[in-house]
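Residue-level structural notes
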Amino acid sequence: MNGTAHVAIGAATGFIVANTFQAPPSTTLLLVGLGGVSGLIPDLDIDGSLRGKITISHEAIRTVAQLIGALMIAYSFYEGGVREKWFGIGIGLALMVVSSMIKQKHMLTITGVGVLVGGVSLQELWLLLLGIYILIASFVSHRSYTHSLLGVIFFGIIASKLEASLGIDGVFYSCLAGYISHLIADLKILPFNKRGIKLFLPVSKKEI
């Protein structure tokens, strides 16, 4: 199933939750949006279709990092003592070398680190946990752990912390229902799916 369908189903679950909680229009819009986004989250794995859409081009990051490295080398060459000069040049060269190895597949990991750091600096536990989720997703294969019960539980914790932070009833259920809707839509028993999901990882690798 494609991303548009997952968003539509997730948004529908958010709408159902909003009606259940008799939410006002503004809250309904929020819950529908959260359901739609949560319906995409499981595809935040290394081969998922969502990976390239939420990350910026690795070429842009690589260019910026190499420019920073070059400027650091130039600055260190003209400023500071001998020790500071060579230290700065070394860091600049290392930055240029490391940045030259950055590929698009690394951008999801970099995004995860950025979200995690944002969660720490803003002191938002849900954002920190989301960063950890994205980091894990950047290393696991498609339709594996993000499509398992472990993924559901982890995302459920993120959703509960988000609801506590926002103080809006229905956020947890909208996010969780949207996430679960993605897994249901990817089940092998459905006629339009050639592959299934490994729901019981790591206990079983059988696709269902």
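You'll find the structure just up there.
No experiment lies behind these values; they were computed from the predicted model shown. (Residues numbered from 1 in each chain as written. Predicted model: local features only at pLDDT ≥ 70, side-chain atom pairs only at ≥ 80, totals over all residues. Heavy atoms only, no water.)

1. What about unusual backbone geometry?
The omega angle of the peptide bond from Leu201 to Pro202 is -5°, so this bond is cis rather than trans. Checked against the element boundaries, Pro202 lands in the segment after helix H9 (171-185). One non-glycine residue with positive phi stands out, namely Gln123, at about 55°. Assignment of secondary structure puts Gln123 in the loop between helix H6 (107-122) and helix H7 (125-137). We classify Gln123 as exposed; its relative accessible area is 73%. Backbone geometry at Arg143 places phi at a positive 55°, although glycine is not the residue there. Note on placement: Arg143 falls in the loop between H7 and helix H8 (149-166). (Helix = DSSP H or I, 4+ residues; strand = E, 2+ residues; numbered from the N terminus. Buried < 20%, exposed > 50% of the residue type's maximum accessible area, 1.4 Å probe, protein only.)

2. Notes on the packing of aromatic side chains
This model, assessed by the stated rule, comprises six aromatic pairs. Judged by centre distance (5.2 Å) and plane angle (75°), the rings of Phe172 and Tyr173 are edge-to-face. On the basis of relative accessibility, which here comes to 22%, the residue Phe172 falls in the partly exposed class. Ring-pair connections join several aromatic residues into one group, and the members of that group are Tyr133, Phe154, Phe155 and Tyr179. (Phe/Tyr/Trp six-rings, centres within 6.5 Å; stacked < 30°, edge-to-face > 60°.)

3. Looking at the pattern of salt bridges
Summed over the entire model, instances satisfying the criterion amount to two salt bridges. One salt bridge in this structure joins Asp186 and Arg143, with 3.2 Å as the shortest N-O distance. Of this pair, Asp186 sits in the segment after H9 while Arg143 is found in the loop between H7 and H8, placing the two residues 43 residues apart along the sequence. With relative accessibility at 1%, the residue Asp186 sits in the buried group. With a relative accessible area of 10%, Arg143 lands in the buried category. Notably, a salt bridge pairs Glu207 with Arg195, separated by 3.7 Å at the nearest N-O pair. A residue pair is termed long-range when its members are at least 10 positions apart, and Glu207 in the segment after H9 and Arg195 in the segment after H9 qualify at 12 residues. (Salt bridge = Lys/Arg side-chain N within 4 Å of Asp/Glu carboxyl O.)

4. Digging into the environment of Ser38
Structurally, Ser38 is set in helix H2 (residues 25-38). Not counting residues within four places of it along the chain, the set of residues in contact with Ser38 comprises Phe155, Cys175, Gly178 and Tyr179. (Contact = heavy atoms within 4.5 Å.)

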